[in-house]
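Breakdown of the fold
Spelled out from the first residue to the last, the chains are:
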Amino acid sequence: MKVNSPLQVYKYLPQTNCGECGETTCMAFASRLIDRSMKLEDCPPLLTDEFKEKYMELESLLAPEIREVIIGTGEHAKAIGGDDVLYRHQLTFFNPTKFAYDVGDTMPEAELVERVNKIQNFRKFYVGNFLNLDMVAVRCVSGDASKFAVAVKKVSETTELPLILCSFDPAVLKAGLEAVKDKNPLIYAATGDNWGDVAELALEYKVPVVLFSPDLDKLRSLAVTFIEMGIKDLVLDPGTYPQGNQLKGTFDRFIQIRRAGIKEGQKEIAFPLMAVPMNTYLVYDEPVTASYWETVLASVFTVRYGDIMILHSLEPYALLPEVHIRDTIYTDPRTPVKVEPGVFEVGAPAKDSPVIVTTNFALTYYTVESDLSSNKIDCYIAAVDTDGIGVEAAVAGGQLTAARIKETFDKAGFDFAEKTSHGALILPGLSARLQGDVEDVTGLKVLIGPPDSGRIPGWMEKSWPPKAK
Amino acid sequence: MTKKIKLSELGSLFGDLDVKALEGVKIEGDVELDLGQVGLNPQMAYALGHETTQIALHLMNISRILGYPVDRMPGSSTTATAPKRLSRLIDSKFSVGRIEEWKNPIQEVVLGATSSDGGTRKSTITLGGENALPYYFDSPMPHRNHITMDVFDMPISMAKAVKSNYEDVMESPAEWAKKVVRDFGADMVTIHLISTDPNIKDTSPAEAAKTVEEVLQAVDVPIVIGGSGNPEKDPEVLEKAAEVAEGERCLLASASLNLDYARIAEAAKKYNHVVLSWTQLEINAQKELNRKLMKQCGVARENIVMDPTTAALGYGLDYAYTNMERIRLAGLSGDQELNFPMSSGTTNAWGARESWMVSSPLKEDSDWGPREYRGPIWEIVTGLTLSLAGNDLFMMMHPTAVQVLKEITRTLYGSKENEHVDISNWVSAVV
Ligand code: SF4
């Protein structure tokens, strides 16, 4: 965006402090626009005729440096791009990288459907949410437009996930587009050879389109040409090479293009970037090796500016690190890392329920909490104020101590004699060395739990209720 | 998302409004207009008076394409760009500048000393010296990343996938050290003196120092000497170890703000070693400790490496990554208290349950698959992510993880040639 202080934005607002946006002042609203936590549309007065010019000026001032492109329709639509910064600590990255997994049009139907289901059904629980996969990329392997159309149709009947239609043959793309006319798929790809026909398709079907060229002059020429033709929903694929110096070249290009877009404001090249990690399958025959390298490439280009990528491996050892590295990079660094310290109930704890100690590092807390609730263990969790540091580090750094544990229960008014029949608390396995101290300071029976809360159910079977001394 | 309305309906939609912008626009026929591209729907347009301008422009474009006569809108400053058909690509050259702010190189630090420098190592390792973020085209990295593999002074519990590689050497740190260098290609060895912890075996500093001597004799690569993490005991353990390793330029792990860092710094100075300055995910604490090591303890710049803490993928790697990236950017941009090479305890990745648990403890999750493949890739992705943030030295455990991380960091560093691969037909490849 072209502005960076609330004051610059404030000038364009109605300045009445009417409060309709939910903020008490226009200035407060202005800072929410700057940090992109609210939208212009949240200020109703600004939408009236009186302010239409100001609205339009603001809209262009606030537009993200990298164009946001929508793929798919309705509630299933996914946005890519929209970034304003080169490093996540400068604000946050928007629109997490979208992962599309491929299917080929030569796959037998049953296999194709099974694969699509695997893609759309994958989920991994994490900090209160599920991490998922985003799209299906249909590749024309057959070279046959009608076969491709059949596969595209089948995929779109099987899933609501947005599609990427992949072929360098405009006739094939056209057949695919006919099959999913109203679904706003992304088409892949226009090149130096076929660009004229692919541009026609983008205009005719009003779909976003990928431009492919590892030669950045050519890529820029394609982008400038498409913009000139009125096609603005562009995605750039600067070529993902699977190894060696060619891969280093790919890395260079991702950084060069994104720097040109964000730091130098080169609008002609400020579009979302596509990586194709599945190109590792072109060089590695052994499936685990190919999958490993694919995950490595996916990680590199999730960290460095890939907005959408096409992948192949559906092995859990590929998907789990992929969805986690994406979450790592796109988690908003501005959100607090801590939960409120205190004693919390999981389920409906009774007098014989365990009391489990952990830290107030958000991640630790949510992990413990989800492990317990998913396994239907009624209990109390004490989130000790460790300044938001995890168990192991907090023990080493002196933020998790017997005194702080006692303080947590005292502040919460948690009386063991009244709330429990056992007078015991459970320390995390990684803080075993505090056992003696905690016994001395609290006078309670102190049990040592497992080092990972995922093992609490098994631990409970063996060690709970505590044996009388 | 895409709403289609007929031009005839549009007319009635705007009929009640005094729409100046539409004056002079003549529209005939019943053309379908797709408003999806400008992100409007009719209700919105109705509510937003101003957007009638855009709609009018859009109408003009459409009408023009279709050959309907349209006049220019009075008072409109925007030029309408109708989609054009071009027969040739417009020529364009791509160029982008370097980052001017990166003027302050990262300090070079040498680990290990050969006989000519008063040590007994066969070769040394140089960390740091960067003038840009890692692998960036702005300025090539002068030194590649290095990997030091963990060795413990007693058998410890570890993930099954890791343990299976070390079962035969677990009782002997010297054999263990030999194995990681000989079989797994470690650039360095880290000897962790964990048995010195009073809560574990309370091994005496003198005993622990013997282990260090054994390791130094077993291998000829530079070594890292790690304590047990016990803040009371570590300073004396590291001091004694430093003494027996005099002149070897070992990396002493670690000085931190919650122990007697001055004693460790003193030992490093006296016996010619390098200090690992360890803080917990906090850039200001890192600055403070580095400053204290330099100003208060008199440690020379070329004898400091930082460990800003590594959290595993899914367990705080976002903080670890951003903390390191901020430290590196600050260093490159001129912060003389942060421009040191960095080291990562990448082995921490094995603390993530995804790396070692047989299956997910949550019934709601999709199948986690075989853990013997999950573990190493967890260590790889954790290390790789930090390498992109600027980390120089990796402390690691699993041989496959070491091998893959080495390969990818050397690829990005630029020392991996490859046979030319043609990707132009990846779309139709059979996999
Ligand atoms: S709704 Fe608009 S005018 Fe009212 S306070 Fe918010 S920003 Fe100001």
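Residues numbered from 1 in each chain as written. Chains lettered and ligands numbered in written order. Predicted model: local features only at pLDDT ≥ 70, side-chain atom pairs only at ≥ 80, totals over all residues. Heavy atoms only, no water.

1. Comments concerning the overall build of chain A
The helix and strand inventory of chain A stands at 17 helices and 17 strands. Counting only C-alpha atoms and orienting by the principal axes, one finds that chain A spans roughly 80 × 65 × 40 Å. Looking at chain A residue by residue over its 469 residues, the buried ones come to 60%. Counting only contacts in chain A whose residues sit at least 6 apart along the sequence, the fraction spanning at least 24 positions is 64%. Accessible surface computed for chain A: about 17500 Å², of which carbon and sulfur atoms make up 49%. (Helix = DSSP H or I, 4+ residues; strand = E, 2+ residues; numbered from the N terminus. Buried < 20%, exposed > 50% of the residue type's maximum accessible area, 1.4 Å probe, protein only. Contact = heavy atoms within 4.5 Å. Areas by Shrake-Rupley, 256 points an atom, 1.4 Å probe, with all protein chains shown as cover.)

2. Points about the site of the ligand
Around the ligand sit Pro14, Thr16, Asn17, Cys18, Gly19, Glu20, Cys21, Cys26, Phe29, Cys43 and Pro45 of chain A, and that is every residue in its neighbourhood. The class makeup of the residues in the shell around the ligand is seven nonpolar, three polar and one charged. (Near = heavy atom within 4 Å. Nonpolar A, V, L, I, M, F, W, Y, C, P; charged D, E, K, R; others polar.)

3. Notes on the domain arrangement of chain A
Once the domains are mapped, chain A shows domain 1 (6-62), domain 2 (69-329) and domain 3 (342-463). Distance between the C-alpha centres of domain 2 of chain A and domain 3 of chain A: 44 Å. (Domains from an automatic or database assignment.)

4. Focus on the sheet that holds strand 9 (residues 274-278) of chain B
Residue and element names in this part refer to chain B. Spatially, 10-9-8-7-6-5-12-11 is the arrangement adopted by the eight strands of the open sheet, whose pairing is parallel. With one partner strand each, in any of the chains shown, strand 10 (304-307) and strand 11 (343-344) form the two edges of the open sheet. The pairing of strand 7 (residues 223-226) with strand 8 (residues 251-255) spans three bridges and is classified as parallel. Note that in strand 8 the partner of Gly226 across the bridge is Ala253. The strands touched by helix 5 (residues 173-182) are strand 5 (146-152) and strand 6 (188-192); relative to strand 5, the strand with the most contacts, the crossing angle is about 155 degrees. (Pairing = 2+ DSSP bridges. Axes fitted to C-alpha atoms, helices over the stretch in contact; angles between N-to-C directions.)

5. Here we look at the packing of helix 4 (residues 109-121) of chain A against helix 5 (residues 145-158) of chain A
All names here are of chain A. One can describe the packing of helix 4 onto helix 5 by two numbers: an axis separation of 10 Å at closest approach and a directional angle of 40 degrees. By the criterion of interaxial angle, the relationship of helix 4 to helix 5 is oblique. Here helix 4 and helix 5 pass one another in a crossing that is right-handed. Of helix 5, the residues touching helix 4 (which contributes Glu109, Leu112, Val113, Val116, Asn117 and Gln120) are Ala151, Lys154, Val155 and Thr158. Along the lines of polarity and charge, the residues of the contact of helix 4 with helix 5 split into five nonpolar, three polar and two charged. (Parallel < 35°, antiparallel > 145°, perpendicular 65-115°, else oblique. Left-handed = near helix turned anticlockwise from the far one by under 90°.)

6. Focus on the nonpolar core
Of all hydrophobic cores here, the largest spans 213 residues; its most connected members are Ile164 and Tyr188 of chain A together with Ile225 of chain B. It is helix 10 (residues 287-303) of chain A that contributes the most residues to this core, ten residues altogether. When sequence neighbours within four positions are dropped, the list of residues in contact with Tyr188 of chain A reads Ile164, Leu165, Cys166, Ser167, Phe168, Leu173, Val210, Phe212, Asp237 and Met274 of chain A together with Trp426 and Val427 of chain B. Listed in part, the 22 residues of the second largest apolar core include Ala382, Val384, Ala394 and Leu425 of chain A. (Core = buried A, V, L, I, M, F, W, Y, C linked by side-chain atoms within 4.5 Å.)

7. Thoughts on the sheet that holds strand 6 (residues 135-139) of chain A
Residues and elements named next belong to chain A. A sheet is described by the order of its strands in space; here eight strands give the open sequence 10-9-8-7-6-3-12-11, paired in parallel fashion. Strand pairing shows two members of the sheet lacking a second neighbour, strand 10 (234-237) and strand 11 (274-275), which therefore form its edges. With four bridges connecting them, strand 3 (residues 98-104) and strand 12 (residues 308-311) associate as parallel partners. Residue pairing for strand 12: Phe99 is matched across the bridge by Met309.

8. Here we look at the interface of chain A and chain B
The interface is formed by 110 residues belonging to chain A together with 101 residues belonging to chain B. In total, about 9400 Å² of surface goes out of reach between chain A and chain B, with carbon and sulfur atoms giving 62% of it. For the chain A face of the interface with chain B, the top three residues by lost area are Arg259, Tyr292 and Arg433 of chain A, together amounting to 7%. The interface formed by chain A and chain B contains nine salt bridges. Where chain A packs against chain B, one counts 44 residue pairs in polar contact (both at pLDDT 80 or more). At twelve residues, helix 9 (residues 244-262) of chain A tops the list of elements feeding residues into the side of chain A that touches chain B. (Buried area = accessible area lost by both parts, 1.4 Å probe. Salt bridge = Lys/Arg side-chain N within 4 Å of Asp/Glu carboxyl O. Polar contact = N/O pair within 3.5 Å; in protein donor to acceptor, adjacent residues only side chain to side chain.)

9. Describing the confidence of the model for chain B
Residues and elements named next belong to chain B. Of the residues in chain B, 81% reach a pLDDT of 70 or more, and the chain-wide mean stands at 86. pLDDT under 50 marks residues 1-57. Its contacts with residues more than four places away, or in other chains, come to 91 contacts. Below pLDDT 50 for its whole length, residues 60-80 participates in 37 contacts with residues either more than four positions away or in separate chains. Across the interfaces of the predicted complex, the ipTM metric reaches 0.85, alongside a pTM of 0.84. (pLDDT = per-residue confidence, 0-100.)

10. Brief notes about the pairing of strand 10 of chain B
Residues and elements named next belong to chain B. The alternating pattern of strand 10 places Ile304 and Met306 and Val305 and Asp307 on opposite faces, both of which are buried. Taken together, the four bridges between strand 9 and strand 10 define a ladder with parallel strand orientation. Bridging across to strand 10, Trp278 finds its partner in Asp307. Assessed by its sense of winding, the connection that carries the chain from strand 9 through helix 9 (residues 283-296) to strand 10 is right-handed. (Right-handed = clockwise from strand over helix to strand, strands pointing away.)

11. As for the packing of aromatic side chains
Tallied over the entire structure, the rule returns 23 aromatic pairs over all chains. The interplanar angle of 55 degrees and the centroid separation of 6.1 Å between the aromatic rings of Tyr292 of chain A and Tyr317 of chain A together place this pair among those described as tilted. Of this pair, Tyr292 of chain A sits in helix 10 while Tyr317 of chain A sits in helix 11 (residues 316-330), and the two are 25 residues apart along the sequence. In this structure, Tyr292 of chain A and Tyr317 of chain A share a single accessibility class: buried. Relative to Phe416 of chain A, the ring of Phe409 of chain A has its centre 4.9 Å away and its plane inclined at 65 degrees; by these criteria the two rings are edge-to-face. Residue Phe416 of chain A is classed as buried on the basis of its relative accessible area of 8%. An aromatic cluster is defined as three or more aromatic residues linked by ring pairs; in this entry it consists of Phe168, Tyr188 and Phe212 of chain A together with Trp426 of chain B. Residue placement shows Arg36 of chain A over the ring face of Phe94 of chain A; its charged tip is 3.5 Å from the ring centre. (Phe/Tyr/Trp six-rings, centres within 6.5 Å; stacked < 30°, edge-to-face > 60°. Lys NZ or Arg CZ within 6 Å of the ring centre and 35° of its normal.)

12. Overview of helix 7 (residues 195-205) of chain A
Residues and elements named next belong to chain A. Those residues of helix 7 lying buried are Trp195, Val198, Ala199, Leu201, Ala202, Leu203 and Tyr205. Residues of helix 7 that are buried make contact with helix 6 (170-179), strand 8 (186-190), strand 9 (209-212) and helix 8 (216-228). Two residues or fewer past helix 7, Lys206 is found with a positive phi of approximately 50 degrees.

13. Observations regarding the pattern of salt bridges
Note that side chains of opposite charge can pair when their charged atoms are close. Per the counting criterion, the structure on display carries 45 salt bridges over all chains. A salt bridge links Lys181 of chain A to Glu178 of chain A; the shortest N-O distance between them is 3.3 Å. By relative accessible area, which is 44% here, Lys181 of chain A ends up partly exposed. A salt bridge links Lys233 of chain B to Asp202 of chain B; the shortest N-O distance between them is 2.8 Å. A residue pair is termed long-range when its members are at least 10 positions apart, and Lys233 of chain B in the loop between strand 7 and helix 7 (234-244) and Asp202 of chain B in the loop between strand 6 and helix 6 (205-218) qualify at 31 residues.

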